[in-house]
Amino acid sequence: MAVLLWQAALRGELSRRTQALVAEQARSTAIADNLPGLVFGYRVHADNTRSVLYFNNRLSEWKARFPRFNVGDACEAVVELVHPDDQRAFLAQSRDAAETLCRFQHELRLLAADGTWRWVQFIITPSPDPLPGRSVAGVPLGKSQLHSRGSVVWHGTLIDVTPIRQLSDQLHASERGYRAVFEGSRDAIIIHRTSDRRIVAANRAATEVFGFSRDELVAASVDVRSARPPLGLPTSEGDNSPA
């Protein structure tokens, strides 16, 4: 009777743990499928062969955009798709990650199916496989030894950040255009904070009108109510009051 009760309790515990595992897997899948990029995992075996472990539902989208990219490819294969200007840094960082088993994060341009270069962010984290042979004579192996003696699982995310890069480029171009107009204006322009009236920027014409350097103007304050010249600038007598 005791054996039967023990078996029933064991089956009940096994059922509860199985249900919890299934629920956790469903949550993990839902999270991965809702991420904005490709999520994947692959194993690099001790003999350097590779096997794909999992990927989210964006694989077909990525294969359509980058048909020559394959999950689990070695860096030497991926680098053929990388922009020439980004290849050296990509190879150096990916090889260092493989040697030290450290997280690899890098942004580079990848050749797309339409022949354009798209910015892609690689985030890949290695995890030594929990397999037998993890110690020698009771002494734990180091990371490099683990890599040479056993397999390593790599968990990765690829995100197409081209829209973000394009927006950043547009903002920089807009800023350069604004700066050109600001500096090229013949009228004196001063920008100040409303909270304390401190000048935060002044163009070249402002330095000529007020007779102070740009650094002196930026260190001063302005009376916007009476449209006076900057206040707080030392005079020859050391007086900081307005004229």
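What you are looking at is a predicted structure, and each value in this text was computed from that prediction instead of being measured.

So, how was this worked out
- Residues numbered from 1 in each chain as written.
- Predicted model: local features only at pLDDT ≥ 70, side-chain atom pairs only at ≥ 80, totals over all residues.
- Heavy atoms only, no water.
- Helix = DSSP H or I, 4+ residues; strand = E, 2+ residues; numbered from the N terminus.
- Buried < 20%, exposed > 50% of the residue type's maximum accessible area, 1.4 Å probe, protein only.
- Contact = heavy atoms within 4.5 Å.
- Areas by Shrake-Rupley, 256 points an atom, 1.4 Å probe, with all protein chains shown as cover.
- Pairing = 2+ DSSP bridges.
- Salt bridge = Lys/Arg side-chain N within 4 Å of Asp/Glu carboxyl O.
- Phe/Tyr/Trp six-rings, centres within 6.5 Å; stacked < 30°, edge-to-face > 60°.
- Lys NZ or Arg CZ within 6 Å of the ring centre and 35° of its normal.
- Expected span 1.5 Å × (residues − 1).
- Axes fitted to C-alpha atoms, helices over the stretch in contact; angles between N-to-C directions.

*Asks:* Account for the overall build of the chain, naming residues and giving values.
*Replies:* Per the secondary structure count, the chain includes eight helices and eleven strands. Taken over 243 residues, the chain has a buried fraction of 28%. Considering only contacts in the chain between residues 6 or more positions apart, those separated by 24 or more positions represent 43%. Total accessible area computed for the chain in this model is approximately 15700 Å², and 56% of it derives from carbon and sulfur atoms.

*Asks:* Break down the pairing of strand β3 (residues 104-111) for me, with residues and values.
*Replies:* Residues in a regular strand project their side chains so that they alternate between the two faces of the sheet. Where β3 lies against strand β4 (residues 117-128), eight bridges are found, and the strand directions are antiparallel. Looking at the pairing, leucine 110 lines up with arginine 118 of β4. Joining the antiparallel neighbours β3 and β4 is a turn of five residues, in which glycine 115 adopts a positive phi near 85°.

*Asks:* Just give me the short version of the pattern of salt bridges, but keep the residues and values in it.
*Replies:* Counted under the stated rule, the structure contains eleven salt bridges. For glutamate 61, the salt bridge is made with arginine 58, and the minimal N-O distance between the two is 3.2 Å. With relative accessibility at 22%, the residue arginine 58 sits in the partly exposed group. Residue glutamate 80 pairs with arginine 68 through a salt bridge whose shortest N-O separation is 3.9 Å. Remark: arginine 68 occurs in the loop between α2 (59-65) and α3 (75-78) and glutamate 80 occurs in the loop between α3 and α4 (84-100); sequence separation between them is twelve residues. Through salt bridges that share partners, Arg58, Glu61, Arg65, Arg118 and Asp160 make up one connected network.

*Asks:* Report on the packing of aromatic side chains, specifying residues and quantitative values.
*Replies:* In the structure shown here, the tally under the stated rule is five aromatic pairs. When the ring of tryptophan 62 is compared with that of phenylalanine 66, the centres are 5.2 Å apart and the planes differ by 35°; the resulting orientation is tilted. For phenylalanine 66, a relative accessible area of 1% gives the class buried. Grouping aromatic residues by their ring pairs yields a cluster made of Phe90, Phe104 and Phe122. Here the guanidinium or amino end of arginine 165 rests over the ring plane of tryptophan 119, the centre of that ring lying 3.7 Å away.

*Asks:* A description of unusual backbone geometry should follow, citing residues and the corresponding values.
*Replies:* One non-glycine residue, asparagine 48, adopts positive backbone phi at about 75°. Assessed through its relative accessible area of 53%, asparagine 48 is described here as exposed. You will see that arginine 197, though not glycine, has its phi angle at about 65°, which is positive. Following the sequence through the fold, arginine 197 ends up in the loop between β8 (190-192) and β9 (199-202). Take arginine 197: its relative accessible area is 28%, and that puts it in the partly exposed class.

*Asks:* Can you explain α4? Please cite residues and give values.
*Replies:* Between the first and last C-alpha of α4 there are 25 Å, a value that for 17 residues agrees with the 24 Å anticipated at 1.5 Å per step. In this structure, the buried side of α4 is in contact with α3, β3, β4 and β7 (152-160).

*Asks:* I'd love a proper account of the pairing of β9, names of residues and values included.
*Replies:* As paired elements, β8 and β9 share three bridges and run antiparallel to each other. Across the sheet, isoleucine 190 pairs through a bridge with alanine 202, a residue of β9.

*Asks:* Requested: an account of the sheet that holds strand β1 (residues 38-44), with residues and values cited.
*Replies:* If you trace the five strands from one edge of the open sheet to the other, you get β2-β1-β7-β4-β3, paired in antiparallel fashion. A single partner strand is all that each edge strand has here, and the edge strands are β2 (50-55) and β3. Adjacent strand axes in the sheet meet at a mean angle of 30° when their direction is disregarded. When β4 meets β7, the two strands line up antiparallel, connected through nine bridges. Directly across from isoleucine 123, in β7, lies its bridge partner threonine 157.

*Asks:* Residue-level account of the environment of arginine 193, with values.
*Replies:* Mapped onto the elements of the fold, arginine 193 is located in the loop between β8 and β9. Discounting residues that sit within four places of it in the chain, arginine 193 has contacts with Arg198 and Val200.

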